[in-house]
Each structure stands twice: as C-alpha cells, then as structure tokens.
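Structure assessment
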Amino acid sequence: MPTHTVQFPFRLLRTNRNVCNLWLGETVSYFGDNFYDIAIMWFVFSKTGSGLQTGLVLVSAFLPQVVVGPFLGVLADRWNRKRMMQAASVIQALLTGALALLILLNIVVMWEIYAVTMLLAVVQLAYSPARAGMFPELLATDELMSGNALFSTSQQIARLVGSTIGGTFVAFAGASAAVAFDATTFLISALFIHRVVYAPSDKASDNTGNTTIFGDMRVGWQWLWHKRVLLVLIAIGMASNIALGPTNVLAPMFIRQVMHANASALGVFDACIGLGIVVGGLTLGSLSSKRVGLLFACGIGLQGLALGAVATAPDMFVAYVANFVLGLAVVAANLPTKTLFQTLVPSDMRGRIGSINSMLSSVAIPITYGGIGMFGDTFGARWSYGYGAILLLCCMAAGLSVTSLRRLSIGKDHGQMQEPNLTV
C-alpha cells in the first residue's frame, strides 16, 4: 500500500492496482446505472403521467434501506467483503436483465417495476457496506480524501456521459435496451472486482461472529451514540436529503410540463449535476481542504441557492447552469463527510455504521418522496423545487450554529480528524 501523500487523485490509478480495478468496475457499472435510471423514470412517467407513481418507484428503492440495511451491514462486517460485492453485482445483472425482457415483451406492470426496484435496492445494500469496509483498507489514511475525490469525479464523468447518451439512447432505442445495457455493466463490474487482491486488517478479521446479529447491531448503535458530531452530520443529512427530493422525483415533470422538452433534455439536465460534481471533485482532491465542517455547511447552503435557481429558471439554459452549481455543492458537502466517517469508524464496524448512517439519512425519504410526488401533482414542479431550496438554507443555518461542526477539521498527522466538544 502506498504511504506517500497523493497530490492528485488520478495518481492512485498508477500506484495502486487494487484501487484501479475497483475504480474500473464501479465506473463501468455507474455508467450503466444512468441508462437504467433515465429509462425507468421516463418509462414510468410516460406510462402513467403521474408524479406520484414516479415517486413511488423511488419509495420502493428506499424502503429496504430502512428495514434490512442494518442487518446487511452486520453481515458485511462478518463475511468476506470482496465476495459479497461480487455476488451482489451478479444478482443485480440477473434482476435488470429480467426487467429488460419484461419491458421488451410489453408485459411489464407497475408492481413488477416496484418489486425489481426493491430487490435491486436490497442487493445494493449488501454491496455498499462491504465496499465501505474494504475501500479504506486499500489505501493509506492520508490518501482517503484523494481516493474519495477520484471515485466521485470518475463516477460523475460516467454520469455526465451516461446521462447525455442515456437520454438519447432511451429516446431512440427504448427503455428495454437501456436496462439490458445496465445488466451487462454489472457483469463487467463483477469481473474487475474479482481482480482486486484484498486482505482484511487484523482487527476486521477478528470479527468472528461469536455474538448475535442483534448484538453486533447494538454495539454499532452504542458506538455511534457517543460520536456526537457524527450524529449532527446525520441529522442535517436527513433533512437535506428530503429537501433534494424534487431533483430525484420531479425532474421528468419539470422537463416535460414546465420546460416542454423531451427525454434528451432530461439527460442533459441530469448530466449537468454530474459535470458540477466532476469539477468539484477535481478541485477538492487537489486542494485537500482541512476545514471539513465549514465546507459541509457551506455546501448545503449552496445546494439551496442552486435549487432555488432551478425553481425560478426561465429557460433550459438557466436550469442547466443551476444544476451544474448544484453538483458543485453536492460534492462540497459529501466528500469531506465521507472521509470523516472512513477515518473515525474502526474497520470491524464500518459495515454496520455505514448501514446505520444510510438508514438514518434515508428514513424519511420513502414517505417524503411519495409526498413530493403528490405535492408536484397539485402545485407543480417549480413550487416543489422552491420549498426544497428553503429547507436547505435552513439546514445550512443549523450547521453553522453548531460550533463543533463548524470547527471540525482534518489534522495534519496522517489525516486524523480533530473533533472538538459539541457546543450549540
């Protein structure tokens, strides 16, 4: 494992073969996921004409995260993380392939889309904590910020290209072909993960499963309860995820009914967020900002301003620019927070803590997304984006009012976090 400080994220690809293989696999898979996302969202809205139905697809994706996420996080701490990731990729390929066939034969019904969405979410919940546990063990501690910037940047390049091409692909080839393409990328990802040489740390290897799953979950909750800054970050994350709901639920409605554009415009609109995340990831990866708490709060506030600009956009050009700024803001808030969790959480608990974080951050989203769909059907997409902007600005104010979060920084010695006492 390299021990030098990485000055530029892409340098990792030349010095760490394991990181390179994981990067290739996830980038290819993420590229295919953008084909799938646009295909399903456009297919459902075109078939039903309802923002509520579109929102319910996302609800079905988040429900498993609340119900089974913590259990799968414990399993990721107990089992071989690499094999768990491979198995998850293969199962996702089978599920998306089956859905592509149903759409091609024109026999798919809405409950089948909900069911496949839920199953894909369950499998992803097995992949994510395993990946969260393995990734920090492939790099030195002082490489984590650059490593996170590398993956965030490259995945958003895949989003940028995938969304642009995916929207056009769906418009001309149809949803079935796009979903089938995504299935192929999952298989390619599994092959690259197979090439990763992974040896768990001694501490992670000692987790032999002598306690029950519920016992391991309780240990994770008890550990997190004493990390008060992490709890504050999670609470703000929960509220900001709700505020960003219109970007996930109502984008097809905004493009089609407000801007009177087609699926290609939806692809470009989504790609602008990816472009913003690329630029933000490259910038943060190079600067290695230390003031992660202040950066997080400011990123949340910038998200609010960008969402407000989308709500008031007079044409597609302004909407594209606002979505680009939203991408910058998303990476400014997410990248340092991800590094914080990787640094503070011990290896043998990364799976369960990661799952708890995901569950708490998403617990209100299933109900909220359905509500946003109904709100959009009643008041329109513009008002929905506007209320989301107000909530994000309130989240920024809350974050800046917490002294310990505002002063949270990465120390100079091996990237360790400096965590002041919580003062409101």
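Before going further, it helps to examine the overall build of the chain. A count of helices and strands for the chain gives 20 helices and two strands. Sorting the 424 residues of the chain into buried and exposed places 57% on the buried side. Within the chain, residue pairs in contact and separated by at least 24 positions form 85% of the contacts whose partners lie at least 6 positions apart. For the chain, the computed accessible surface area is about 17500 Å², with 66% contributed by carbon and sulfur atoms.

Tallying each qualifying case throughout the model produces ten aromatic pairs. A centroid spacing of 5.1 Å and a plane angle of 80° characterise the contact between Phe 135 and Phe 151, whose relative ring orientation is edge-to-face. Note that Phe 135 is positioned in the loop between α6 (110-134) and α7 (144-173) and Phe 151 in helix α7, a separation of 16 residues in sequence. Residue Phe 151 is classed as buried on the basis of its relative accessible area of 4%. A centroid spacing of 5.4 Å and a plane angle of 50° characterise the contact between Phe 254 and Tyr 385, whose relative ring orientation is tilted. Linking Phe 254 in helix α13 (residues 251-258) with Tyr 385 in helix α19 (residues 381-400), this pair joins segments that are 131 residues apart in sequence. By the ring-pair criterion, three or more aromatic residues cluster together here, those being Phe 31, Phe 35, Phe 169 and Phe 181. Taking NZ or CZ as reference, Arg 131 lies 4.4 Å from the ring centre of Phe 135, over its face.

Our next topic: the confidence of the model for the chain. This prediction gives the chain a mean pLDDT of 79; 85% of its residues lie at or above 70. Contacts for the low-pLDDT stretch residues 1-7, under 50 throughout, to residues beyond four places or in other chains number 23 contacts. Under a pLDDT of 50 for its full length, residues 412-424 has, in the predicted model, 40 contacts with residues more than four places off or in other chains.

Taking 1.5 Å per residue as the helical rise, helix α8 (residues 175-194) with its 20 residues ought to reach 28 Å, and the 30 Å between its terminal C-alpha atoms agrees with that figure. Taken together, the buried positions of α8 are Ala 175, Ser 176, Ala 178, Val 179, Asp 182, Ala 183, Thr 185, Phe 186, Ser 189, Ala 190 and Ile 193. Where the residues of α8 are buried, they touch α2 (17-48), α5 (81-104), α6 and α7.

Attention shifts here to a nonpolar patch on the surface. A cluster of nonpolar side chains, Leu 101, Leu 104, Leu 105 and Ile 107, forms an exposed patch at the surface whose accessible area comes to about 410 Å². Looking at the element boundaries, Ile 107 is found in the loop between α5 and α6.

Our focus in this paragraph is the packing of α2 against α6. Running from N to C, α2 and α6 cross one another at 160°; their axes reach a closest spacing of 13 Å. Comparing the axis directions of α2 and α6 gives the class roughly antiparallel. When the axes of α2 and α6 are compared, the crossing they make is left-handed. For the pair formed by α2 and α6, the contact residues are Leu 22, Glu 26, Tyr 36, Ile 40, Phe 43, Val 44, Lys 47 and Thr 48 on the first element and Met 110, Ile 113, Val 116, Thr 117, Leu 120, Tyr 127, Arg 131 and Met 134 on the second. Its residues assigned to classes, the contact of α2 with α6 comprises eleven nonpolar, two polar and three charged.

Axis separation between α2 and α5 bottoms out at 13 Å; the angle between their running directions is 30°. By the angle class used here, α2 and α5 are roughly parallel. Where α2 crosses over α5, the handedness of that crossing is left-handed. Packed against α2, whose contacting residues are Leu 22, Tyr 36, Ile 40 and Phe 43, the element α5 presents Met 85, Thr 96, Leu 99 and Ile 103 at the interface. In the contact of α2 with α5, the residues fall into seven nonpolar, one polar and no charged.

Analysis parameters
- Residues numbered from 1 in each chain as written.
- Predicted model: local features only at pLDDT ≥ 70, side-chain atom pairs only at ≥ 80, totals over all residues.
- Heavy atoms only, no water.
- Helix = DSSP H or I, 4+ residues; strand = E, 2+ residues; numbered from the N terminus.
- Buried < 20%, exposed > 50% of the residue type's maximum accessible area, 1.4 Å probe, protein only.
- Contact = heavy atoms within 4.5 Å.
- Areas by Shrake-Rupley, 256 points an atom, 1.4 Å probe, with all protein chains shown as cover.
- Phe/Tyr/Trp six-rings, centres within 6.5 Å; stacked < 30°, edge-to-face > 60°.
- Lys NZ or Arg CZ within 6 Å of the ring centre and 35° of its normal.
- pLDDT = per-residue confidence, 0-100.
- Expected span 1.5 Å × (residues − 1).
- Patch = residues over 30% accessible without salt bridge, like charges linked within 9 Å, V, L, I, M, F, W, Y side chains within 5 Å.
- Salt bridge = Lys/Arg side-chain N within 4 Å of Asp/Glu carboxyl O.
- Axes fitted to C-alpha atoms, helices over the stretch in contact; angles between N-to-C directions.
- Parallel < 35°, antiparallel > 145°, perpendicular 65-115°, else oblique.
- Left-handed = near helix turned anticlockwise from the far one by under 90°.
- Nonpolar A, V, L, I, M, F, W, Y, C, P; charged D, E, K, R; others polar.

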